[in-house]
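Examining the three-dimensional arrangement
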Amino acid sequence: MSTTARNQPAPDTTEVDDLRDMPDIPDIADVKGLHRKFITGVTIVTTMDGERPRGLAVNAFSSISLDPPLVMVCVQRTSSTYEPLFRADHMGISILASDQLPVATVFAGKGDDKFATLRWTAGAHGSPLIDSSAAVLEARIQERLQTSTHTIFIGRVTQAAHSERPPLIYSAGGFYDGGQLDAAAL
């Protein structure tokens, strides 16, 4: 199976037999291209480290189920927030609003005090929740599944709130206003 050249339409379908012929180790450019096709919201995952709020930008966030209300986030072990989060009982997750790109930029970086100029509110269990977000939740961490470079944190939602503010969206290396999307035609 060959990759599609830039600016050329991809084939409409892929034959199952073609997938059987693919190597066990895909080309990293193909993996990156695959991930660039996935559109995601922008979340900030937070916790308290003693009296100090800690957090990082994460796009690997997902709902697992509604009953019970479970979510998951994947956090790279090299993050400065990783150790405090791994020790924590609870985590906060703020889904950023479309006008919060500056917040995403701060939390994607390696700054020492990412909360210095930021307004936030503590959740019921103390997790920092970013003010003016499109949605926020606090979750009790139930499982930590470790992989080679990341840990998957599974949490049971204990508190959730949302607003009418459109979300900030990330795709293919860029950020977009989630309120400017057109509905797909049937």
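Structural data are supplied above this passage.
About the criteria used
- Residues numbered from 1 in each chain as written.
- Predicted model: local features only at pLDDT ≥ 70, side-chain atom pairs only at ≥ 80, totals over all residues.
- Heavy atoms only, no water.
- Helix = DSSP H or I, 4+ residues; strand = E, 2+ residues; numbered from the N terminus.
- Buried < 20%, exposed > 50% of the residue type's maximum accessible area, 1.4 Å probe, protein only.
- Contact = heavy atoms within 4.5 Å.
- Areas by Shrake-Rupley, 256 points an atom, 1.4 Å probe, with all protein chains shown as cover.
- Pairing = 2+ DSSP bridges.
- Axes fitted to C-alpha atoms, helices over the stretch in contact; angles between N-to-C directions.

**Observations concerning the overall build of the protein**
For the protein, the count of helices and strands is 4 helices and 12 strands. For the protein, the proportion of its 186 residues judged to be buried stands at 32%. The long-range fraction of contacts in the protein, counting pairs at least 24 apart against all pairs at least 6 apart in sequence, stands at 63%. Split by element, the accessible area of the protein, about 12000 Å² in all, is 53% carbon and sulfur.

**Topic: the pairing of strand 11 (residues 168-171)**
With 2 bridges connecting them, strand 1 (residues 40-41) and strand 11 associate as antiparallel partners. Across the sheet, the residue bridging to T40 is Y170, located in strand 11. One ladder, built from 4 bridges, connects strand 11 with strand 12 (residues 174-177); its direction is antiparallel. Bridging from a neighbouring strand, Y170 pairs with F175 of strand 12. Here strand 11 hands over to strand 12 after 2 residues, with A172 in that stretch at a positive phi of 50 degrees.

**Observations regarding the sheet that holds strand 3 (residues 52-58)**
The strands making up a sheet associate through hydrogen bonds between their backbones, and the pairing can be parallel or antiparallel. On the basis of which strands lie adjacent, the open sheet formed by 7 strands has the order 3-2-6-9-10-5-4 and antiparallel pairing. Because the sheet does not close on itself, it has two edges, and the strands there are strand 3 and strand 4 (61-66). Direction aside, neighbouring strands of the sheet carry axes that sit 35 degrees apart on average. For strand 6 (residues 90-95) and strand 9 (residues 135-146), the ladder comprises 6 bridges, and the chain directions are antiparallel. By the bridge assignment, H90 is partnered in strand 9 with R140.

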